Amino acid sequence: MACVLETPLRMSVLSEVTASSRHYVDRLFDPDPQKVLQGVIDMKNAVIGNNKQKANLIVLGAVPRLLYLLQQETSSMELRTECAVVLGSLAMGTENNVKSLLDCHIIPALLQGLLSPELKFIEACLRCLRTIFTSPVTPEELLYTDATVIPHLMALLSRSRYTQEYICQIFSHCCKLRHWHSCGFKSSPQPLLCANGPDHQTILFNHGAVQNIAHLLSSTSYKVRMQALKCFSVLAFENPQVSMTLVNVLVDGELLPQIFVKMLQRDKPIEMQLTSAKCLTYMCRAGAIQTDDNCIVLKTLPSLVRLCSKERLLEERVEGAETLAYLIETDVELQRIASITDHLIAMLSDYFKYPSSVSAITDIKRLDHDLKHAHELRQAAFKLYASLGANDEDIRKKIIETENMMDRIVNGLSESSIKVRLSAVRCLHSLSRSVQQLRTSFQDHAVWKPLMKVLQNAPDEVLVVASSTLCNLLLEFSPSKEPILESGAIELLCSLTQSENLALRVNGIWALMNMAFQAEQKIKADILQGLSTEQLFQLLSDSDVNVLMKTLGLLRNLLSTRPHIDQIMSTHGKQIMQAVTLILEGEHNIEVKEQTLCILANIADGTTAKELIMTNDDILQKIKYYMSHSNAKLQLAAMFCISNLIWNEEEGSQERQDKLRDIGIVDILHKLSQSSDPNLCDKAKTALQQYLA
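The rules we used
- Residues numbered from 1 in each chain as written.
- Predicted model: local features only at pLDDT ≥ 70, side-chain atom pairs only at ≥ 80, totals over all residues.
- Heavy atoms only, no water.
- Helix = DSSP H or I, 4+ residues; strand = E, 2+ residues; numbered from the N terminus.
- Rg over C-alpha atoms; globule rule 2.2 N^0.38 Å.
- Buried < 20%, exposed > 50% of the residue type's maximum accessible area, 1.4 Å probe, protein only.
- Contact = heavy atoms within 4.5 Å.
- Areas by Shrake-Rupley, 256 points an atom, 1.4 Å probe, with all protein chains shown as cover.
- Lys, Arg positive; Asp, Glu negative; His and termini not counted.
- Charge placed at Lys NZ, Arg CZ, Asp CG, Glu CD.
- Salt bridge = Lys/Arg side-chain N within 4 Å of Asp/Glu carboxyl O.
- UniProt positions renumbered as here; feature names shortened; annotations may be inferred.
- Arc of directions from axis to C-beta.
- Phe/Tyr/Trp six-rings, centres within 6.5 Å; stacked < 30°, edge-to-face > 60°.
- Lys NZ or Arg CZ within 6 Å of the ring centre and 35° of its normal.
- Disulfide = S-S within 2.5 Å.
- Core = buried A, V, L, I, M, F, W, Y, C linked by side-chain atoms within 4.5 Å.
- Axes fitted to C-alpha atoms, helices over the stretch in contact; angles between N-to-C directions.
- Parallel < 35°, antiparallel > 145°, perpendicular 65-115°, else oblique.
- Left-handed = near helix turned anticlockwise from the far one by under 90°.
- Nonpolar A, V, L, I, M, F, W, Y, C, P; charged D, E, K, R; others polar.
- Expected span 1.5 Å × (residues − 1).
- Bend = angle between axes of the 7 residues up to and from the residue.
- pLDDT = per-residue confidence, 0-100.

A. Up close: the overall build of the protein chain. The number of helices and strands found in the protein chain is 42 helices and 2 strands. Expected size for 693 residues packed as a compact globule is a radius of gyration near 26 Å; at 34 Å, the protein chain overshoots this value by more than 25%. Summarising its shape, the C-alpha atoms of the protein chain cover approximately 115 × 70 × 50 Å along the three principal directions. Taken across its 693 residues, the protein chain has 55% of its residues classed as buried. Looking at the protein chain alone, contacts between residues at least 24 apart form 67% of all its contacts between residues at least 6 apart. Approximately 31,300 Å² of the protein chain is accessible, and the part contributed by carbon and sulfur atoms is 52%. The distance from the centre of the 68 positive side-chain charges to the centre of the 77 negative ones in the protein chain is 5 Å.

This is how it looks when you write it as structure tokens:
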């Protein structure tokens, strides 16, 4: 019987709750404006800190009525202001609340409200807009739909400290990058992509954001200074135009970088120190501040290292490490300085032991929060280790010798968090640039196993870095090369070459090129079979020069050692010669043509394969043409082809020499023997000796 009663009981409770909320909504329809105003004020008091009440009022249809009252010219200014306040309070509830408000087209209504002359109403509308735009469910594009909105917001900046605070906060949350980088990594938290048209940074910059916001850094309000600072950090990120402008902006007689440095001081709030460090970091990475400038070396870098210490809160340590990783990512000297600042490498190992059993955290809520977010510390540490070890062998050695480092990386590769996996792979990639570590630590910990597992099923951003790491593990001196081959890597890499993602195509073909270097005949045959002739020629006609160069590099490695050359040319000769012809005839750069001529030189070194050149008059004419080319690299590569074709000790050399003399090769050799280029001169003289022998 209890089961039968359960549903009606729950329904009656729900109807009681909605009934208690309904009278708030009903009062919004009262014909007496004063009662409507009082109803809105009572509703405001009822929803403060009460998410259940907020949800009930939204379900009961309060939002459309509040928006109607807000937009009515006949509504008193006090009523319209109170409506904006209640809507702002509803937006502070759950993400579903914000979605419901967006579905009712709240943003156009609030933006329209900004045209009012009444400051209190404008501030209430801006506060509500701020709450909505800082929600992750709100599309930033909604701020840019109407071209008149941004200039109007710029004009409102001067109205009050509240308009300044809210507008700067809206800008910093709605400024997303349009461009993206296909390869490599950026350690800093990424702004998302915006859709089409000019990116948000450009729109804000063109409407005078720098000039309008700069003076706010000297505001008496801490909140205004802070939001202005955050604005500059998102405007400067990966933007040389904005960064170059910021460097020369004066506020009260001081340049902006000097103001940012002052905000880095230890007596300033941590939030301010961190955000000003970001501004200086982004300006430096955008090329507006030199990496050896004192404000970077003596101020920004040490401040970020300080933020990594265990005395700081978890989120501060995460952002400090990520920003530092971004600052030093491409600069060897900054990497060296960071590695010896405050024992940073050892300090980062604490990121993996958090929270420890002797943690100083006494606040249970904080402990619960940190336990849920401890993975963010690990991913930040991996990112910073990756940047630290990007170039210097001694730093890599120190990182790897850090307590349980390789085990931590191996564990990181299989963590459930995609961010941790990606950062662990980046760290591994950075360390894999070390020949010594490939031969020792990488082999001792068999890192190729978890790496291959990562490559089986991962998003593209992880695959790009993991496949780059695999390229290094497949170099000829790496002990991991053989077990990787045995684990089915060829099939995996061949599939990567068919990816629509350019970086994956490059890495797939690059890894195969490394695999084919000085490989056995069977491995080469497996690569050709796995790749298929059709796919090989698809890659040779790829529009990207990196794909083309790596594919030519693969062909060159496949066509090495005579038995292999003859074997491959006997099965694929016709297609390879066709591809070589097309590339030599095409509009390609010097490096591509040089690599192609080197492939011909390898074919000319074969025993039977060289006949494919000798019986192809078109190819012979092309070799002759490149012997007289204006570029010495191409001349030298063409000379290698000729030398291999006329070498005396090989069968049929006399006939080949005669044929080449008939087409004018000897005349060109005589000219080249007088060349001012010593390499060309020596090579020509050596070739002529074959005719005299």
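B. Quick look at the pattern of salt bridges. Summed over the entire model, instances satisfying the criterion amount to 28 salt bridges. The closest approach of N and O atoms between Arg336 and Asp392, which form a salt bridge, is 2.8 Å. Here Arg336, found in helix 19 (residues 332–339), pairs with Asp392, found in the loop between helix 21 (364–388) and helix 22 (393–400); they are 56 residues apart in sequence, far enough to count as distant. Taking the relative accessible area as the measure of exposure, Arg336 reaches 38% and is therefore partly exposed. We classify Asp392 as buried; its relative accessible area is 11%. Linked by salt bridges that have partners in common, Lys310, Asp350, Lys353 and Glu403 make up one network.

C. Seen up close, the UniProt feature "repeat: ARM" (unreviewed entry) in the protein chain. Within this structure's numbering, the places UniProt gives as "repeat: ARM" (unreviewed entry) are residues 61–97. Across residues 61–97, the secondary structure splits into 76% helix and 0% strand, with the terminal C-alpha atoms separated by 12 Å.

D. Representation of helix 9 (residues 149–156) in the model. Listing the buried residues of helix 9 in full gives Val149, Ile150, Leu153, Met154 and Leu156. Axial view of helix 9: buried residues confined to an arc of 160°, hence all on one face. In the core, the buried residues of helix 9 are packed alongside helix 7 (106–113), helix 8 (119–133), helix 10 (161–173), helix 11 (200–206) and helix 12 (209–214).

E. Summary view of the packing of aromatic side chains. Within the structure shown, the criterion is met by 7 aromatic pairs. For the ring pair Phe237 and Tyr282, a centre distance of 4.8 Å and an interplane angle of 75° mean the geometry is edge-to-face. Here the residue Phe237 occupies a position in the loop between helix 13 (222–236) and helix 14 (240–247), and Tyr282 occupies one in helix 16 (residues 270–285), the gap between them amounting to 45 residues. Here Phe237 matches Tyr282 in class, with each residue buried. By way of ring pairs, the aromatic residues Phe237, Tyr282 and Tyr326 are connected into one cluster. Across the ring face of Tyr326, the terminal group of Arg285 is positioned such that the distance to the ring centre comes to 4.3 Å. Above the plane of the ring of Trp510 lies Lys550, whose end atom (NZ or CZ) is 4.3 Å from the centre.

F. Quick peek at the state of the cysteines. Considering all chains together, one arrives at 0 disulfides under this definition. You can see Cys427 has no disulfide; the closest cysteine sulfur is in Cys308, sitting 15 Å from it. Lacking any disulfide linkage, Cys598 is separated from the closest cysteine sulfur, that of Cys641, by 7.7 Å.

G. Spatial organisation of the environment of Val580. Relative to the helices and strands, Val580 resides in helix 35 (residues 562–585). Taking C-alpha positions, Val580 is 80 Å from Ile41, a pair spaced 539 residues apart along the chain. Those residues in contact with Val580, other than ones at most four positions away along the chain, are Thr596, Ile599, Leu600 and Ile619.

H. Region of the structure containing unusual backbone geometry. A positive phi angle is found at His105, which is not glycine, with a value near 60°. Structurally, His105 is set in the loop between helix 6 (95–103) and helix 7. For Asp342, which is not a glycine, the phi torsion comes out positive at approximately 50°. Positionally, Asp342 belongs in the loop between helix 19 and helix 20 (344–349). Look at Asp342 and you get partly exposed, because its relative accessible area is 47%.

I. Structural detail: the environment of Glu118. Mapped onto the secondary structure, Glu118 falls in the loop between helix 7 and helix 8. For the pair Glu118 and Gln379, spaced 261 residues apart in sequence, the C-alpha to C-alpha distance is 48 Å.

J. Highlighting the nonpolar core. Core analysis: the largest hydrophobic core is formed by 242 residues, its most contacted members being Phe232, Leu388 and Leu600. Setting aside its immediate chain neighbours within four residues, Leu388 contacts Ile328, Gln335, Ala338, Ser339, Leu344, Ile345, Leu348, Ile395 and Ile399.

K. Here's a closer look at the packing of helix 38 (residues 617–627) against helix 39 (residues 632–646). Packing of helix 38 against helix 39 leaves a shortest axis separation of 7 Å and a crossing angle of 130°. As judged from the angle between their axes, helix 38 and helix 39 are oblique. In the packing of helix 38 onto helix 39, the handedness of the crossing is left-handed. Contact with helix 38, carried on its side by Leu620, Ile623, Tyr626 and Met627, involves Leu634, Gln635, Ala638, Met639, Cys641, Ile642 and Leu645 of helix 39 and no other residues of that element.

L. Representation of the side chain of Ser89 in the model. One can find Ser89 in helix 5 (residues 77–91). Excluding its chain neighbours within four sequence positions, the residues that come into contact with Ser89 are Val47, Ile48 and Lys54.

M. Seen up close, the packing of helix 31 (residues 502–516) against helix 32 (residues 521–531). Contact geometry of helix 31 with helix 32 gives a least axis separation of 10 Å together with a crossing angle of 155°. Judged by the inter-axis angle, helix 31 sits roughly antiparallel to helix 32. Once helix 31 is placed against helix 32, the crossing between them reads as left-handed. Seen from helix 31, the contacting residues are Ile509, Leu512, Met515 and Ala516; seen from helix 32, they are Ile523, Lys524, Ile527 and Leu531. A breakdown of the residues in the contact of helix 31 with helix 32 according to their chemical character gives 7 nonpolar, no polar and 1 charged.

N. Broad picture of helix 35. Between its terminal C-alpha atoms helix 35 stretches only 27 Å, short of the 34 Å expected from 24 residues at 1.5 Å a residue. At His572, helix 35 shows its largest bend, some 85°.

O. Region of the structure containing the environment of Leu235. Structurally, Leu235 can be placed in helix 13. Sequence separation between Leu235 and Val137 is 98 residues; the distance between their C-alpha atoms is 22 Å.

P. Here's a closer look at the confidence of the model for the protein chain. Put simply, the protein chain has an average pLDDT of 90, and 93% of its residues get 70 or more. Confidence drops under a pLDDT of 50 for residues 1–15, and excluding neighbours within four residues, the segment shows 0 contacts in the predicted structure. Confidence drops under pLDDT 50 across residues 178–196; counting only partners more than four residues distant or on other chains, this segment forms 53 contacts.

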